[in-house]
Amino acid sequence: MSCSVLGIGLAGFGTVGSGVWGILEEHGGLIESRSQGSAAMEVRKIAVRDLSKKREGGAPAELFTTNLMEVVEDPLVEIVVELIGGTEVAFNLIAAALKVGKPVVTGNKALLAERGAELFAISKETNTPIYFEAAVAGGIPIIKALQQSLVGNQIESIAGIINGTSNYILQRMTEAGLGYPEALKEAKDLGYAEADETLDVNGWDAAHKAILLGSIAHGFLINYKNVYVRGIEKVTPLDIKFASDLGYVVKLLSLVIANKDGRVEIRTQPSFLSKTHILASVHGVFNAVAIKGDHSGESLFYGRGAGQGPTASSVVSDLVEAARISETNMGFLPYKEHGSLVDIDDTATSYYVRFSVTDRPGVIADIASVLAKHKIGISGTHSPVDADNPDADFVEMVFLLHSCPFGRLKQALAEVENLDCLTSRPVVFRIETL
Ligand code: HSE
């Protein structure tokens with residue numbers, strides 16, 4: 001580093017970027033004292049799309065530019081903060097910064113999860129680190145917890161609620177009985193969902209974060225193409241009600257589990273979780289991550305997974321980390337070339353399966369005999385009579401199934417679907433015991 005006060009370049013000055021500016025203004029002195037002077041910092045360049053936009057916070061006009069590459073090329077900038085999002089322009093910016101030896105701080109989970117292999121290769125080659133605390137669970141210090149505090153552990157499992165928007169929507173569907181479209185609209189009106197909510201609700205925002213946690217925990221970059229992801233778009237109020245009748249809540253859970261054979265199981269999907277499990281009480285837009293280390297046992301990290309203050313707080317912690325850089329502190333770099341993931345068909349849990357069926361004698365027996373043929377045990381059934389329509393021709397029939405590999409369940413359900421009593425495709429949720 002060439003100066004005693006480190007120059008920061010901010011690419012992007014939206015909610016998070018301006019939050020970073022605000023924290024450095026408010027707590028710059030405190031940060032300097034806490035880092036024994038090694039993290040004295042000032043923002044020297046800010047790249048934005050539109051110079052005419054009115055901005056609060058008092059950043060001087062002369063710092064602003066519309067030329068993104070200036071935050072990399074300006075000789076007074078020594079650490080580059082990428083907060084523009086997306087996977088193309090942001091990739092080029094980060095790659096350019098690393099190539100000229102400037103450490104990068106980013107909150108861009110999609111970029112790292114999808115193109116991390118390329119970026120970490122450049123990071124290794126140039127001996128220049130990438131820090132990304134803000135990419136997972138907003139203000140919760142989960143990356144440093146995994147990388148530093150839990151470094152002496154094999155990570156046996158990570159279970160996270162790491163998309164606040166989905167968690168909010170599912171909670172409103174549970175507590176207020178809203179349908180999915182109404183709950184989504186509420187989340188958007190409150191500003192929780194991203195402007196384009198696709199990644200929030202299709203599970204990929206959470207999956208990107210899980211990929212990063214899993215990669216740190218297991219040392220190899222998990223290929224997003226091999227990760228099983230389902231979102232919450234198809235969750236119905238009926239299944240949420242049945243879940244509740246049976247003692248469960250529906251949560252979008254991201255799981256990274258180390259199998260005994262060395263393979264890693266990673267999946268994100270709406271799942272049934274006992275109402276008594278600690279993650280069941282994570283409400284609204286809050287996030288939580290439960291990590292089990294072989295020596296630490298279980299630790300729970302809970303907090304705000306999005307928003308200006310929490311996310312900017314994580315960016316600033318990375319800036320301090322970058323300021324303390326030495327050759328031996330490269331943040332995260334994969335240290336195994338590959339590892340193996342468990343095929344989704346080999347992953348086993350218990351299941352809730354709801355069949356919509358014609359109400360005729362023998363339908364339970366028909367379904368049960370197919371399940372039995374595939375060696376799938378039934379632990380319970382649930383089929384409340386519709387009080388408003390007790391003589392309906394159709395009923396909802398829930399089977400709770402003992403643990404079996406997902407592939408076997410799929411085969412059995414394909415056969416059940418051939419029965420003439422089924423009026424629509426079965427609905428499946430995993431029951432997670434964690
Ligand atoms: N949109 C995300 C969420 C926050 O709802 O949790 C940023 O990843």
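Just above sits the structure.
About the cut-offs
- Residues numbered from 1 in each chain as written.
- Predicted model: local features only at pLDDT ≥ 70, side-chain atom pairs only at ≥ 80, totals over all residues.
- Heavy atoms only, no water.
- Near = heavy atom within 4 Å.
- Polar contact = N/O pair within 3.5 Å; in protein donor to acceptor, adjacent residues only side chain to side chain.
- Areas by Shrake-Rupley, 256 points an atom, 1.4 Å probe, with all protein chains shown as cover.
- Helix = DSSP H or I, 4+ residues; strand = E, 2+ residues; numbered from the N terminus.
- Bend = angle between axes of the 7 residues up to and from the residue.
- Buried < 20%, exposed > 50% of the residue type's maximum accessible area, 1.4 Å probe, protein only.
- Contact = heavy atoms within 4.5 Å.
- Expected span 1.5 Å × (residues − 1).
- Salt bridge = Lys/Arg side-chain N within 4 Å of Asp/Glu carboxyl O.
- Pairing = 2+ DSSP bridges.
- Right-handed = clockwise from strand over helix to strand, strands pointing away.

Would you take a moment to explain the site of the ligand for this structure?
Every residue near the ligand is listed here: K109, N163, G164, T165, E194, D200, D205, K209 and A306. Residue G164 places a main-chain N or O atom 2.7 Å away from an oxygen atom belonging to the ligand. Measuring from an oxygen atom of the ligand, one finds a side-chain N or O atom of K209 at 2.9 Å. About the coverage of the ligand: the protein hides 93% of its 260 Å² of free accessible area. Secondary structure elements with two or more residues in the shell around the ligand: helix 6 (164-175) and helix 9 (204-218).

I would appreciate a short explanation of helix 1 (residues 15-34) in the present structure.
In an α-helix, one full turn covers 3.6 residues, which means residues spaced three or four apart are oriented alike. Residue H27 marks the point of greatest curvature in helix 1, where the axis turns by about 70 degrees. Every buried residue of helix 1 is accounted for by V16, G17, S18, G19, V20, W21, I23, L24 and I31. At its buried positions, helix 1 is contacted by strand 1 (6-11), strand 2 (41-47) and helix 11 (308-323). Just beyond helix 1, the residue with positive phi is Q36, at close to 50 degrees.

Just to check I follow, could you spell out helix 6 for this structure?
A rise of 1.5 Å per residue sets the reference length of helix 6, with its 12 residues, at 16 Å; its end C-alpha atoms lie 16 Å apart and thus fit the reference within 8%. The buried fraction of helix 6 is high, at nine of 12 residues. Along helix 6, the residues classified as buried are G164, T165, S166, N167, Y168, I169, L170, Q171 and M173. The elements touched by buried residues of helix 6 are strand 7 (155-161), helix 7 (180-189), helix 8 (198-201), helix 10 (237-245), strand 9 (248-258) and strand 11 (286-293). Capping of helix 6 at its N-terminal end is provided by N163; its side-chain oxygen lies 3.3 Å from the backbone amide nitrogen of T165. Just downstream of helix 6, G177 is the residue with a positive phi angle, here 65 degrees.

So what exactly am I meant to see when it comes to the pattern of salt bridges here?
Side-chain pairs of opposite charge can arise where the charged atoms are in close proximity. Under the defined criterion, the tally for this structure stands at 24 salt bridges. One salt bridge connects D345 with K410, and the closest N-O pair in it is separated by 2.8 Å. You can see D345 sitting in the loop between helix 11 and strand 13 (348-358) and its partner K410 sitting in helix 13 (residues 406-416), a full 65 residues away along the chain. Note on D345: relative accessible area 26%, which makes it partly exposed. K410 gets classed as partly exposed once you look at its relative accessible area, which sits at 40%. Of the charged contacts, one joins E415 and K373 as a salt bridge, the two residues approaching to 2.6 Å between their closest N and O atoms. You can see E415 sitting in helix 13 and its partner K373 sitting in helix 12 (residues 363-373), a full 42 residues away along the chain.

Would you explain the pairing of strand 4 (residues 79-82) in this entry?
Along a regular strand, successive side chains alternate from one face of the sheet to the other. Side chains I79 and V81 project from strand 4 onto one buried face, and the interleaved V80 and E82 project onto a second face that is buried too. Two strands pair when backbone bridges link them, and strand 1 and strand 4 are joined in this way by four bridges, in the parallel orientation. If you follow A11 over to strand 4, its bridge partner there is E82. Pairing of strand 4 with strand 5 (residues 104-106) involves three bridges; the strand directions are parallel. Following the sheet pairing, V80 is matched in strand 5 by V104. For the segment spanning strand 4, helix 3 (residues 89-99) and strand 5, crossover handedness is right-handed.

Spatial relationships are all this shows, so hold off on functional conclusions.
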